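# Commentary on secondary and tertiary structure
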Amino acid sequence: MIRACLLIAMLVALPPALAEIHVRVDPASGVTVLSNVPPKPGLTTAPFSPAVPLRSAAAASFPKVDPHTQQERDIDRRAILENELVSEQKALTTAREHGADDDARHRHIANLAALRRELRSIR
């Protein structure tokens, strides 16, 4: 019985998975538009091919940052995260002193863990 229900559910979900994808470039903005709805007559589209990367042109023109500038940005990011870490630690201490509810304390603890993870990820 369970297998039959699963089979029926998979068969119902199958048509959307087989939907045709239409790709066109908006002539006014140059934006690539992906849609499951065919375009109005007169607009040209290309068949969608997942093997063709859509962002290859964008990746080639993506701005590069020289290592010195990136190092300065990383230093600034580290300073900001360390300041946030200190602020969050103070907020946790204050929450504990004033008897804040468990949700507030857990939120501060989770924020501290996330800030520490971010700090470890900086080069």
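Structure's up top.
Described below are features of the structure shown in this document. It should be emphasised that the depicted structure is a prediction, and the values quoted were computed from it without experimental measurement. (Residues numbered from 1 in each chain as written. Predicted model: local features only at pLDDT ≥ 70, side-chain atom pairs only at ≥ 80, totals over all residues. Heavy atoms only, no water.)

### Points about the overall build of the protein chain
- Of the regular secondary structure elements, the protein chain holds 4 helices and 3 strands.
- When its helices and strands are written in sequence order, the protein chain yields α-β-β-β-α-α-α.
- When contacts within the protein chain are restricted to residue pairs at least 6 apart in sequence, long-range pairs at least 24 apart make up 36% of them. (Helix = DSSP H or I, 4+ residues; strand = E, 2+ residues; numbered from the N terminus. Contact = heavy atoms within 4.5 Å.)

### So, the nonpolar core
- Of all hydrophobic cores here, the largest spans 7 residues; its members are Leu81, Leu85, Leu92, Leu112, Leu115, Leu119 and Ile122.
- Contact partners of Leu115, with chain neighbours within four places excluded, come to Leu81, Glu84, Leu85 and Glu88. (Core = buried A, V, L, I, M, F, W, Y, C linked by side-chain atoms within 4.5 Å. Buried < 20%, exposed > 50% of the residue type's maximum accessible area, 1.4 Å probe, protein only.)

### What about the pattern of salt bridges?
- This model, assessed by the stated rule, comprises 2 salt bridges.
- Here Glu118 makes a salt bridge to Arg77, at a shortest N to O gap of 2.3 Å. Of this pair, Glu118 sits in helix α4 (residues 102-121) while Arg77 sits in helix α3 (residues 67-97), and the two are 41 residues apart along the sequence.
- Residue Glu118 is classed as partly exposed on the basis of its relative accessible area, which comes to 34%.
- The partly exposed category is assigned to Arg77, whose relative accessible area is 32%.
- Salt-bridge contacts for Arg105 lead to Asp102; the nearest nitrogen and oxygen are separated by 2.2 Å. In this pair, Arg105 and Asp102 both sit in helix α4, 3 residues apart, roughly one turn of the helix. (Salt bridge = Lys/Arg side-chain N within 4 Å of Asp/Glu carboxyl O.)

### So, α4
- Over its 20 residues, α4 extends 29 Å from the first C-alpha to the last, a length consistent with the 28 Å expected when each residue adds 1.5 Å.
- Turning to α4, its buried residues are Ala104, His108, Leu112, Leu115 and Leu119. Along the axis of α4, the buried positions cluster into a sector of 80°, meaning they face one direction only. In this structure, α4 carries Asp103, His106 and Arg120 as exposed residues pointing more than 90 degrees from its buried face. (Expected span 1.5 Å × (residues − 1). Arc of directions from axis to C-beta.)

### Quick word on the environment of Gln89
- The topology assignment puts Gln89 in helix α3.
- When its relative accessible area of 32% is taken as the criterion, Gln89 is described as partly exposed.
- Once the C-alpha coordinates of Gln89 and His108 are considered, the two residues, 19 residues apart in sequence, prove to be 7.6 Å apart.
- Not counting residues up to four positions away in its chain, the partners in contact with Gln89 are Leu112 and Arg116.

### Observations regarding the pairing of strand β2 (residues 32-35)
- Bridging between strand β1 (residues 22-25) and β2 involves 4 bridges; their strand directions are antiparallel. When the sheet's bridge partners are listed, Val25 is paired in β2 with Thr32.
- Hairpin connection of β1 to β2: 6 residues between the antiparallel strands, including Gly30 at a positive phi of 80°. (Pairing = 2+ DSSP bridges.)

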